[in-house]
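Chain residues, written in single-letter form:
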Amino acid sequence: MERQAFLYEGKAKRIYATADPDLVLVEYKDDATAFDGEKKGRIANKGILNNKIAAHFFELLAEQGVPSHFVRHLSEREMLVKKLQIIKVEVVARNRVAGSLSKRLGLDEGVELSRPVLEFYYKNDELHDPLINEYHIYALKLATKEELQQIAEQALQINEILVKYLAKRDIILADMKLEFGLFNGEVLLGDEISPDTCRFWDANTMEKLDKDRFRRDLGNVEKAYEEILSRLTGGKN
Ligand code: C5P
């Protein structure tokens, strides 16, 4: 499947049309941003690594009965996905305290939550993706009750699958951000699952293996992304 007209450029990806109106091509870039675009940089080979990591997670989820927009891996930096009507809600699933939750509730980073926590954020760059709840979602008509119920169910299911899968590879899934969209009226997981959108911690050393290395200038960012890919594929990448 060849790329056709350029459609959209996001912070980490470019989207192109394809010959099939139901499918778009996603190209993963090396650009990295943090703190709402205030910090900008590049992580060498990030696009290649995240394309492989995201494809791996989407394939794993499909095997376990959770569909997504993923159709197939196309090239080093490209994957083919279903064209979704994006739902403007970002869903964060948390298993450990970190990042904004640590600040908001004054809890120490690393503390285990007694059960997974789901949070919703309004996907709106100008407003800096504010935290919202289900009442806002219905009032602003961002999703229907049925859609939000499906989103929450899928997010918890995805979290459970990934926590177990990653634990076997000595990785703690501290938290992750998921996005969903509609395809023929069906709620489908979209965007990506990668070290850009998840917090991955080494289960033995608690070393950070994700974008927090870029956000906090910890160094060895590319190495951390490579380590995640290598643990997912058992070194066969
Ligand atoms: O910053 P915060 O603690 O709320 O982030 C929770 C999770 O969501 C982290 O894994 C982070 O990488 C991800 N996230 C994201 N895109 C955003 C905000 C958060 O991928 N715009």
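None of the values given here were measured: they were computed from a predicted structure.

Trainee: Sorry if this is basic, but what is going on with the overall build of the protein chain here?
Mentor: Secondary structure assignment for the protein chain yields six helices and 13 strands. Taking 237 residues into account, the globule formula puts the C-alpha radius of gyration at 18 Å, and the protein chain, at 17 Å, falls close to it. For the C-alpha atoms alone, the extent of the protein chain along its principal axes is close to 45 × 45 × 35 Å. Of all 237 residues assigned to the protein chain, the portion counted as buried reaches 53%. Look at the contacts in the protein chain between residues 6 or more apart in sequence, and 55% of them connect residues 24 or more apart. Summed over its atoms, the accessible surface of the protein chain is roughly 12,000 Å², and 48% of this surface lies on carbon and sulfur atoms. For the protein chain, the separation between the mean place of its 36 positive charges and that of its 41 negative charges on side chains is 1 Å.

Trainee: Mind showing me how you'd approach the domain arrangement of the protein chain here?
Mentor: With domains assigned, the protein chain is organised as domain 1 (6-82) and domain 2 (85-220). Taking only C-alpha atoms into account, the centre of domain 1 sits 17 Å from that of domain 2. With 29 residues of domain 1 at the interface, the matching set in domain 2 holds 25 residues. Across the domain 1/domain 2 interface, buried area totals approximately 2,400 Å², and carbon plus sulfur atoms make up 65% of it. Counting the contacts that link domain 1 with domain 2 gives five salt bridges. With a closest N to O distance of 3.0 Å, Asp191 and Lys13 form a salt bridge.

Trainee: What is the right way to read the side chain of Arg213 from this model?
Mentor: Within the secondary structure, Arg213 sits in helix 5 (residues 212-215). Exposure remark for Arg213: the relative accessible area of 9% places this residue in the buried category. Polar side-chain contacts of Arg213 include one of 3.0 Å to the backbone oxygen of Lys208. Those residues in contact with Arg213, other than ones at most four positions away along the chain, are Glu207, Lys208, Leu218, Gly219, Asn220, Val221 and Ala224.

What counts, and at which threshold
- Residues numbered from 1 in each chain as written.
- Predicted model: local features only at pLDDT ≥ 70, side-chain atom pairs only at ≥ 80, totals over all residues.
- Heavy atoms only, no water.
- Helix = DSSP H or I, 4+ residues; strand = E, 2+ residues; numbered from the N terminus.
- Rg over C-alpha atoms; globule rule 2.2 N^0.38 Å.
- Buried < 20%, exposed > 50% of the residue type's maximum accessible area, 1.4 Å probe, protein only.
- Contact = heavy atoms within 4.5 Å.
- Areas by Shrake-Rupley, 256 points an atom, 1.4 Å probe, with all protein chains shown as cover.
- Lys, Arg positive; Asp, Glu negative; His and termini not counted.
- Charge placed at Lys NZ, Arg CZ, Asp CG, Glu CD.
- Domains from an automatic or database assignment.
- Buried area = accessible area lost by both parts, 1.4 Å probe.
- Salt bridge = Lys/Arg side-chain N within 4 Å of Asp/Glu carboxyl O.
- Polar contact = N/O pair within 3.5 Å; in protein donor to acceptor, adjacent residues only side chain to side chain.

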